[in-house]
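# Fold and geometry: a report
So the chains spell out like this:
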Amino acid sequence: MIEARHLRVLRAVAATGSFSAAARELGCTQPAVSQQMKALESSAGTPLLIRTGREMRLTQAGEALVRHASGILAGLTAAEEEIAAIAGLRAGRVRLVSFPSGSSTLVPGALAALRAAHPGTRVSLVEAEPPRSVEMLREGDCDIALAFRYGTSGAEWDDLVVRPLLTDRLIGLVPEGHRLAGADAVGIGELAEESWIAGCPRCRRQLVEVCEESGFTPRIDFATDDYPAVIGLVGAGLGVAVLPELAIESVRPKGARTVSVEPAVEREIVALTLPDLAQVPAVAATLDQLSLAAAR
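Here the structure is a predicted model, which means the values were calculated and not measured. Residues take numbers from 1 onward in each chain, read along the sequence in its written order. This being a predicted model, a pLDDT of at least 70 is required before a residue's local features are given, and a value of 80 or more before pairs of side-chain atoms are given or counted; all residues contribute to the totals for chains, interfaces and linings. The basis for every side-chain value is the complete set of non-hydrogen atoms in the structure, without hydrogens or water.

## Focus on empty space enclosed by the protein
To find leftover empty space, a probe the size of one water molecule is rolled over the atoms. Here a cavity denotes a set of grid points, spaced 1 Å apart and computed over the protein atoms alone, in which a 1.4 Å probe fits but from which it cannot get out, and a pocket denotes an open set meeting protein on both sides within 12 Å along at least five of seven lines; residues with an atom within 4 Å of a point are reported as lining. Grid points are joined across faces, edges and corners, and a volume is the space filled by probe spheres set on the points. As enumerated under the stated definition, the model contains one cavity of 30 Å³ or more in all. By volume, the largest cavity is sized at about 50 Å³. Taken together, Leu170, Ile188, Gln206, Leu207, Val210, Val242, Val261, Pro263 and Val265 make up the lining of the largest cavity. For helices the rule is a DSSP run of H or I covering at least 4 residues; for strands it is a run of E covering at least 2, with both sets numbered from the N terminus onward. Examining the composition of the lining of the largest cavity, we find that three residues originate from one element, helix 7 (residues 205-213), more than from any other. For this classification, Asp, Glu, Lys and Arg are treated as charged, while Ala, Val, Leu, Ile, Met, Phe, Trp, Tyr, Cys and Pro are nonpolar and the rest, including Gly, are polar. Split into classes, the residues belonging to the lining of the largest cavity amount to eight nonpolar, one polar and no charged.

## Structural notes on the layout of surface pockets
Counted as a void, the largest pocket has a volume near 770 Å³. Considering the residues around the largest pocket, the lining is formed by 32 residues, among which Glu129, Phe148, Tyr150, Arg202 and Cys203 are closest to the centre. Those elements that place two or more of their residues in the lining of the largest pocket are helix 6 (132-138), strand 5 (144-150), strand 8 (195-198), helix 7, helix 8 (227-235) and strand 10 (241-244). The element that contributes the greatest number of residues to the lining of the largest pocket is strand 10, accounting for four residues. When grouped by side-chain class, the residues that make up the lining of the largest pocket number 19 nonpolar, three polar and 10 charged.

## Quick word on the packing of aromatic side chains
Pairing of aromatic side chains requires ring centres within 6.5 Å, counting the rings of Phe and Tyr and the six-membered ring of Trp. Pairs whose planes differ by under 30 degrees are stacked, by over 60 edge-to-face, and all others tilted. Enumeration according to the criterion identifies two aromatic pairs in this entry. For the pair Phe148 and Tyr150, a centre-to-centre distance of 6.1 Å together with 80° between the ring planes defines the contact as edge-to-face. One aromatic cluster in this structure is built from Phe99, Phe148 and Tyr150. A cation over a ring is seen here: Arg267 above Phe148, with NZ or CZ 4.4 Å from the ring centre. Only when the NZ of Lys or the CZ of Arg is both within 6 Å of the ring centre and within 35 degrees of the ring normal is a charge said to sit over the ring.

Below, the structure is given as structure tokens:
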């Protein structure tokens, strides 16, 4: 295998015409130059220099190797500089995927702080709900996935680095004129006869399970995953809903009142990445800023 240090020696010998002059230029001894040239010729499998008295002349193979050496060494130098910039957070890229309510609450502050601290680091954002966001992480389509889960069972994430961020409680929404609008807390069973507004079948699964544990199946008349639409429908008096607290933070609930729902339903908000990616400085810095944003 041809080593970069041997190429540097060959280029110095070719430029100066002798081992001793090359040694002076490289700051080493003449025997060290001779030894490295022997190692390079052994790796190349052919003579690279012809020694005639005190002069050194390149063979055809030596000329070819010197010709390529400049480009190889320049490429290595550029790679070393780029890696040093990334390691020092003067450069780098992070691909983030987040669910919508996380995008509007946690992500903006975290990315603004990251940009202020490390302006050379670029972050891109796309939206996806789990489990799709987690699939994107495993498939290499992102570096960090902002995700959530209900309950504490997380065996499906055992292969990932899990950074807990916060616990997000589901909050009830009722129209302003609703009989329970002024209540501090509402048992979910008290809403059994209401018209419900909920998300897609996968998104509403947790709601349905909680309602069924309280002895009823919610009558879902309106289905939408758009949080402002949910709040608008509630505000118009068309039904009731439960939304994550993060979602309510990001949208002004015009015409609707929030109430605590019992039993409490909570979801854990986390940032996920792969073990190797967690060692990348830009990814680690982004995880830290997400943690700080969640703590505010």
